[in-house]
Amino acid sequence: MSDTASEVQTHTIRLELVDEPGELLRALEPISEAGGNLMSIYHERGNVTPRGHIPVEVDVSCAPDRFDRIVDSLREAGVNVIQAGSERYDEELVVLLVGHLIDTDLSDTLQQVEASANASLTDLSLSAPRGNDDSSSARMRLKTKAGTTDEVLSTLRAIADGKDLHVIEPLTEGTQ
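Calculation criteria
- Residues numbered from 1 in each chain as written.
- Predicted model: local features only at pLDDT ≥ 70, side-chain atom pairs only at ≥ 80, totals over all residues.
- Heavy atoms only, no water.
- Pairing = 2+ DSSP bridges.
- Helix = DSSP H or I, 4+ residues; strand = E, 2+ residues; numbered from the N terminus.
- Axes fitted to C-alpha atoms, helices over the stretch in contact; angles between N-to-C directions.
- Contact = heavy atoms within 4.5 Å.

Caption draft 1: Local environment of the sheet that holds strand β7 (residues 136-144). Pairing is antiparallel in the open sheet, where 4 strands are placed in the order β6-β7-β5-β8. A single partner strand is all that each edge strand has here, and the edge strands are β6 (119-127) and β8 (166-168). Strand-to-strand twist across the sheet, computed as the mean angle between neighbouring axes with direction ignored, equals 25°. Here 3 bridges tie strand β5 (residues 91-99) to β8, and the two strands are oriented antiparallel to one another. Within the sheet, the bridge partner assigned to Leu96 lies in β8 and is Ile168. With respect to the sheet, helix α4 (residues 149-162) is in contact with β5, β6, β7 and β8, its orientation differing from that of β5 by roughly 15°.

Caption draft 2: Quick peek at unusual backbone geometry. Here the phi dihedral of Asp105 falls at roughly 70°; this positive angle occurs in a residue that is not glycine. Position of Asp105 relative to the elements: it lies in the loop between β5 and α3 (106-116). Unusually for a residue other than glycine, Asp164 sits at a positive phi of about 55°. Along the chain, Asp164 turns up in the loop between α4 and β8.

As structure tokens, then:
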């Protein structure tokens, strides 16, 4: 089926790439092969995500059914898709983690959150004292799927409990 002018839309895909030669090209190939027309690329080489990867934003023009194929192709190719259009992560959640974050492997904690929750880490601010005796704190900004805030918080609590960390949660509707 060919795209008609009325069907074609511009879609944004946010990716997280390893900082190695050829990774951007590897991410663009599935887009081309699935029929996406590349409109723009914003490659933030000077910035890194909390996992130390490079954030890349790609705008493509295509019909909605092709967009779904593009996203599936990217994931099949092992490209980390952080956001695809607006349907993946719709709400924002900010929480604090307090405890011995460094000693309990902060990187592992962040990976567990993203692997087991309907959430994507978009920002992290860490405050860590010198030495090992005092607690650290991290402010985490998460993008979550619409309607999954309670599930994400429950998952975060379980991860924190396993590492003897404390979660300071935002006030939600109905909380007094």
